[in-house]
Amino acid sequence: MVRKICRFSGLRAVLCMGFAMLLWVPLPSLGAAQAAQSNAREHVTRAAHGSTIPALFVSDIHINPFRDPAKVPQLVNAPVSRWNAILSTPASPDQEQAFAKLQQSCHTRTIDTSYGLFRSTLQAMQTRQSHPKFITVSGDLVVHDFPCLYSAVFPNAAAGDQEKFVLKTIHFVVNELRTSFPGTRVYVALGNHDTPCGHDAIDARTPFLAQLGRILAAGLPPSAQIKEFAENGSYSVMMPSPMRNTRLISVN
C-alpha cells in the first residue's frame, strides 16, 4: 500500500537501494517490522552483498508557486507544460517586497521550496542516481498555507479555482520528476498538505481525488489499484519481486 509513513522538515531527497521493501511489503507483525528496520540500518554501515536495486525516495517538497506573486496569474492561466518557461524568467522587480507582504498577510513563518531549489535538487538527484528503478514520493508536494496564499492573491476567486491550482501544482511537480527520469515509474502518496481545503482536511469521494488519481496513475502499471484513490486518497501497487541489500544515501 502506498501511504505516507514519515515526515521530514524541508526539502530532502534520499537515494534508497531497495528501500521500497519497507514501504510496500505487508509486515505480519511488529517484530517483523523491527527486524526489517534493523536489517536496513545494518546495510547503511557495511557493504551489501549481491545485487541492489537503485531507487529514489523524496519527501516534503512543498514547492511554492507564490514565491513571485506577479507570476501567479500566469501560472493559473497557463497549462502545466508552460510552467517551466514562466518560472524560469527573471524575478519581478518587486518580488521580494510582494512575497514578504504575502507571507505577512497569511502569518506564514515557513520559507518553502522555490523553483530554483526544486530544479537544483532534481539535478543533484540525477547526478547521484541517474537511472533509478523507481521513485517514491511520500507526499506534501504543496506549499504550506496554500488556501490563505491563494485567497490573498485572488480575493474574488470563483468556487473551485483554488482546487484547480492545487491540482496544477501537484501535476507540475510530478511531471518534473517524470521528465527528469524518463521511463522511471513515480509512485506518489498523498500528504497532509496536498489538499485544496486546508491542512489535514479533505473529503473522500470527491472530483478532486478522482482528478488527482488520474494524474498520479500516469505511467503506472495496470496492476496499480488507482481506482481506490477516489475513495480515500490511497492506492496499492504490487512490486515485481522482494528487495534486499538496502542502503541509504542522503542527497541533501
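Up top is the structure.
This write-up is about the structure you can find in this document. Just so you know, these numbers come straight off a predicted model, no measurement behind them.

## Focus on the pairing of strand β3 (residues 134-137)
Stage number 1. Burial along β3 is two-sided: the residues Phe134 and Thr136 and Ile135 and Val137 are all buried.
Stage number 2. For strand β2 (residues 54-59) and β3, the ladder comprises four bridges, and the chain directions are parallel. Opposite Val58, over in β3, you have Val137 as the bridge partner.
Stage number 3. Direction of pairing for β3 relative to strand β4 (residues 185-188): parallel, over a ladder of four bridges. The residue bridging Val137 from the neighbouring strand is Val188, located in β4.

## Describing the packing of helix α7 (residues 146-153) against helix α8 (residues 161-180)
Helix-helix packing: each pair is described by the crossing angle between the helix axes and the interaxial distance.
Stage number 1. Relative orientation of the contacting elements α7 and α8 amounts to 120°, with a least axis distance of 11 Å. Here α7 lies oblique to α8, going by the angle between them. Crossing geometry of α7 relative to α8 is assigned as right-handed. Counted together, Phe146, Pro147, Tyr150 and Ser151 of α7 and Asp161, Gln162, Phe165, Val166 and Thr169 of α8 form the full contact between these two elements.
Stage number 2. The residue makeup of the contact of α7 with α8, split by class, is five nonpolar, three polar and one charged.

## Here we look at unusual backbone geometry
Stage number 1. Of note, the phi angle at Asp60 is positive, near 55°, even though the residue is not glycine.
Stage number 2. The topology assignment puts Asp60 in the loop between β2 and α3 (72-77).
Stage number 3. For Asp60, a relative accessible area of 1% gives the class buried.
Stage number 4. One non-glycine residue, His62, adopts positive backbone phi at about 50°.

## Some details on the packing of α8 against helix α9 (residues 207-217)
Stage number 1. At their nearest, the axes of α8 and α9 sit 10 Å apart, and the two run at 15° to each other. Classified by the interaxial angle, the pair formed by α8 and α9 is roughly parallel. In this structure, α8 meets α9 at a crossing whose hand is right-handed. Together, Glu163, Val166, Leu167, Ile170, His171, Val174 and Arg178 of α8 and Phe208, Gln211, Leu212, Ile215 and Leu216 of α9 make up the contact between the two elements.
Stage number 2. Looking at the contact of α8 with α9 residue by residue, the class counts come to eight nonpolar, two polar and two charged.

## A few points about the nonpolar core
The nonpolar side chains of a soluble globular protein tend to be buried, and buried together.
Stage number 1. Membership of the largest hydrophobic core comes to 49 residues, with the highest contact counts inside it found for Phe66, Val137, Phe146, Phe165, Phe172 and Val188.
Stage number 2. Sort the elements by how many residues they give to this core and α8 lands first, with eight residues.
Stage number 3. Every residue in contact with Phe146, bar those within four places of it in the chain, is listed here: Pro65, Phe66, Gln162, Phe165, Val166 and Thr169.

## Considerations on the pattern of salt bridges
Stage number 1. Applying the stated criterion to the full structure yields two salt bridges.
Stage number 2. When the shortest N-O distance is used, the salt bridge between Asp68 and Lys71 registers 4.0 Å.
Stage number 3. Residue Lys71 is classed as buried on the basis of its relative accessible area, which comes to 5%.

## Some points on the environment of Val188
Stage number 1. Assignment of secondary structure puts Val188 in strand β4.
Stage number 2. Judged by its relative accessible area of 2%, Val188 falls in the buried class.
Stage number 3. Between the C-alpha atoms of Val188 and Tyr235, which are 47 residues apart in sequence, the distance is 9.5 Å.

## Regarding helix α6 (residues 115-128)
Stage number 1. End to end, α6 covers 20 Å across 14 residues, agreeing with the expected 20 Å (1.5 Å per residue, within 8%).
Stage number 2. Tyr115, Phe118, Thr121, Leu122 and Met125 are the residues of α6 that are buried. When α6 is viewed along its axis, its buried side chains cluster within an angular range of 125° and face the same direction.

Each value, and the rule that gives it
- Residues numbered from 1 in each chain as written.
- Predicted model: local features only at pLDDT ≥ 70, side-chain atom pairs only at ≥ 80, totals over all residues.
- Heavy atoms only, no water.
- Buried < 20%, exposed > 50% of the residue type's maximum accessible area, 1.4 Å probe, protein only.
- Helix = DSSP H or I, 4+ residues; strand = E, 2+ residues; numbered from the N terminus.
- Pairing = 2+ DSSP bridges.
- Axes fitted to C-alpha atoms, helices over the stretch in contact; angles between N-to-C directions.
- Parallel < 35°, antiparallel > 145°, perpendicular 65-115°, else oblique.
- Left-handed = near helix turned anticlockwise from the far one by under 90°.
- Contact = heavy atoms within 4.5 Å.
- Nonpolar A, V, L, I, M, F, W, Y, C, P; charged D, E, K, R; others polar.
- Core = buried A, V, L, I, M, F, W, Y, C linked by side-chain atoms within 4.5 Å.
- Salt bridge = Lys/Arg side-chain N within 4 Å of Asp/Glu carboxyl O.
- Expected span 1.5 Å × (residues − 1).
- Arc of directions from axis to C-beta.

In short, geometric facts, not functional conclusions.
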